[in-house]
Amino acid sequence: AGCTFEEDSDPSLCDFTQGEDDDFDWLLFRTYNSPYAGSDLLKGSYMLVNSSQHAVGHRAQLLLQSLSENDTHCVQFSYFLYSRDGHSPGGLRAYVRVNGGPVGSSVWNNSGSHGKQWHQVELAVSTFWPNEYQILIEATVSRERRGYIAIDDITVLNYPCYKAPHFSRLGDEEVNAGQNATFQCVAAGRAAEAEKFLLERHNGDLFTTASVKHLSHRRFVVSFQLDSIQRTDQDLYRCVTQSPRGSGVSNFAELVVKVPPSPIAPPQLLRAGSTYLIIQLNTNSILGDGPIIRKEIEYRASQSPWSEVHGVNMVTYKLWHLEPDTEYHISVLLTRPGEGGTGPPGPPLVSRTKCAECRVRTPREESRTPAGRPPMITVLNSESLFTTLFPELPLTQPTNHLVYTTPTDPAFQHRVLATLPIAVGLIRLKHEKIDGGPRTTLMGFHLLLGQGTFWQAPAREALGLL
């Protein structure tokens, strides 16, 4: 099949159309019946652009019939770029559009004046069935607007190109976000020193940094690395070689970018002891992509800079050898396949282990408390405690509150009773916990009435009142 543009050629072998997104049409020119054929033009029938008849930058496009590579083949055409005074008549470019998609960047181009003769170009397009491709040839008028651009003898050969390498099938690439992606393009044919190697994105963006490794005198591999890939980089990519004699074009392969997973919800606390915490991972809902191939627990004490990571193969997990009465931050890490597949920690569970030795003491035990050590009582009912200390004050008005603070942080107040009389009580407390539940050490008690102190007592005296 091919286009010779001769008057007696078989039109079924030459199916082409003029472009619709250009500025003017190619002229079907035959010198034997043209009164304007001058000495600058070669004899024959071909498609022609006279640069002097068009504005600077205007374009003419010619679209060839759609093709698919059931077997290896080669597209060949001849071109003519000539101006008598040596100025450039313009540029000539070839594009390969796949499945009616965007034109993208040119896979071959040339410009300038190259003498009054025909030059041959080969395009080795590796787009495999059921995909199909279409070649578009475009002429652009130069600033000088002098000379001629012509194409002729567009032929589809049923054997490999000699001047352009053929690419093997390019496979899809999957990476995790933030990692590097590598496309390796294997080609058969000779790679000339003047060869240019490109990675073209489907939207026409080009990447030019490549490494070439020769496997034999007729086979080589071109590698392109894309750094720190993000989800926005997911697209189709193909490899292109360019030289004045022709170009090789691979199929489009997809770069698939996956986001490492992370749990949406924090783990759940099932049980707490003085040296352990039992949690449920709670990973039914995630952000990012699966599949999940590994689950881990990351935990640390709230005031500690260190953290530990444990692998988990069950939905529940017991953290051992923890410090008593210590707050821990616990998160879940999820991992998907591939390098960099571990996502950020999920929301943390903040939980505290129980006190190891705390227990309820009787008044007799309190009387034996060593000097300097605060007595310990259990606040079971703040209302009964208040009534015992101050029986003369009725519990009628729900306007004031009994609050307490810790000795280490007096500004951190805890409300323990929401219904109290006209007075406000302030208890200074020290928190302690044992396996049986929370217990509280009473450090001192103050009863405030209005702006003044009505009564105050240290812990030992308050205990005596009980």
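Residues numbered from 1 in each chain as written. Predicted model: local features only at pLDDT ≥ 70, side-chain atom pairs only at ≥ 80, totals over all residues. Heavy atoms only, no water.

- As annotated in an unreviewed UniProt entry, the protein chain carries the name PTPRU phosphatase and comes from Pleuronectes platessa.

### Notes on the overall build of the protein chain
Reasoning step 1: Along the backbone of the protein chain there are 3 helices and 35 strands.
Reasoning step 2: Of all 466 residues assigned to the protein chain, the portion counted as buried reaches 45%.
Reasoning step 3: Here the contacts in the protein chain between residues at least 6 apart in sequence split such that 68% fall between residues at least 24 apart.
Reasoning step 4: When the accessible surface of the protein chain is split by element, carbon and sulfur atoms take 49% of a total near 24,000 Å². (Helix = DSSP H or I, 4+ residues; strand = E, 2+ residues; numbered from the N terminus. Buried < 20%, exposed > 50% of the residue type's maximum accessible area, 1.4 Å probe, protein only. Contact = heavy atoms within 4.5 Å. Areas by Shrake-Rupley, 256 points an atom, 1.4 Å probe, with all protein chains shown as cover.)

### Quick notes on the sheet that holds strand S30 (residues 349–352)
Adjacent strands of a sheet pair through backbone hydrogen bonds, lying either parallel or antiparallel.
Reasoning step 1: Ordered in space as S27-S26-S29-S30, the 4 strands form an open sheet in which the pairing is antiparallel. Each having just a single partner strand, strand S27 (308–312) and S30 make up the two edges of the open sheet. Each strand of the sheet is rotated relative to its neighbour by a mean of 30°, with strand direction disregarded. (Pairing = 2+ DSSP bridges. Axes fitted to C-alpha atoms, helices over the stretch in contact; angles between N-to-C directions.)

### Comments concerning the pairing of S30
Reasoning step 1: Side chains of S30 alternate between two faces, with Leu-349 and Ser-351 buried and Val-350 and Arg-352 left unburied.
Reasoning step 2: Summarising the sheet, strand S29 (residues 327–335) and S30 pair through 4 bridges and their orientation is antiparallel. When the bridges of S30 are listed, Tyr-328 appears paired with Ser-351.

### Here we look at the packing of aromatic side chains
Reasoning step 1: Inspection of the entire model under this criterion finds 13 aromatic pairs.
Reasoning step 2: Between the aromatic rings of Tyr-299 and Tyr-328, the centroid separation amounts to 6.3 Å while the plane-to-plane angle is 55°, which identifies the pairing as tilted. One end of the pair, Tyr-299, is in strand S26 (residues 294–301); the other, Tyr-328, is in strand S29, with 29 residues separating them in the sequence. An identical accessibility class is assigned to Tyr-299 and Tyr-328; each is buried.
Reasoning step 3: Taken together, the ring pairs in this structure connect Phe-29, Tyr-46, Phe-80, Tyr-82 and Trp-118 into an aromatic cluster.
Reasoning step 4: Between Arg-169 and the ring centre of Phe-128, over which it is positioned, the NZ or CZ distance is 4.3 Å.
Reasoning step 5: Geometry around Tyr-276 places Lys-318 over its ring, the cationic atom sitting 4.3 Å from the centre. (Phe/Tyr/Trp six-rings, centres within 6.5 Å; stacked < 30°, edge-to-face > 60°. Lys NZ or Arg CZ within 6 Å of the ring centre and 35° of its normal.)

### Looking at the sheet that holds strand S28 (residues 316–319)
Reasoning step 1: Within the open sheet, the 3 strands sit side by side as S23-S24-S28. Their pairing is antiparallel. Taken across any chain shown, the strands that pair with only one partner, and hence form the sheet edges, are strand S23 (268–272) and S28. When the angles between neighbouring strand axes are averaged without regard to direction, this sheet yields 25°.
Reasoning step 2: Where strand S24 (residues 277–280) and S28 come together, 4 bridges link them in antiparallel fashion. Along S28, the bridge assignment pairs Leu-277 with Leu-319.

### Re unusual backbone geometry
Note on backbone geometry: most residues besides glycine have negative phi, and most peptide bonds are trans.
Reasoning step 1: Note that the residue after Gly-290, namely Pro-291, is joined by a cis bond; omega there is -5°.
Reasoning step 2: For Pro-291, the location among the structural elements is in the loop between strand S25 (286–287) and S26.
Reasoning step 3: Located in the positive-phi region is Phe-5, a residue other than glycine, with phi close to 65°.
Reasoning step 4: Summarising the element assignment, Phe-5 is placed in the loop between strand S1 (2–3) and strand S2 (16–18).
Reasoning step 5: Judged by relative accessible area, which is 4%, Phe-5 ranks as buried.

### Remarks on a negative patch on the surface
Reasoning step 1: Among the surface-exposed residues, Glu-6, Glu-7, Asp-8 and Asp-153 lie close enough to one another that they form a single negatively charged patch.
Reasoning step 2: With respect to the helices, strands and loops of the structure, Glu-7 is situated in the loop between S1 and S2.
Reasoning step 3: Its relative accessible area of 56% is what places Glu-7 among the exposed residues. (Patch = residues over 30% accessible without salt bridge, like charges linked within 9 Å, V, L, I, M, F, W, Y side chains within 5 Å. Salt bridge = Lys/Arg side-chain N within 4 Å of Asp/Glu carboxyl O. Lys, Arg positive; Asp, Glu negative; His and termini not counted. Charge placed at Lys NZ, Arg CZ, Asp CG, Glu CD.)

### A look at the side chain of Ser-250
Reasoning step 1: Structurally, Ser-250 is set in the loop between strand S20 (246–249) and strand S21 (253–258).
Reasoning step 2: For Ser-250, a relative accessible area of 1% translates into the label buried.
Reasoning step 3: Each residue touching Ser-250, except ones within four places of it in the same chain, is listed here: Ser-126, Thr-127, Phe-167, Leu-170, Arg-238 and Cys-239.

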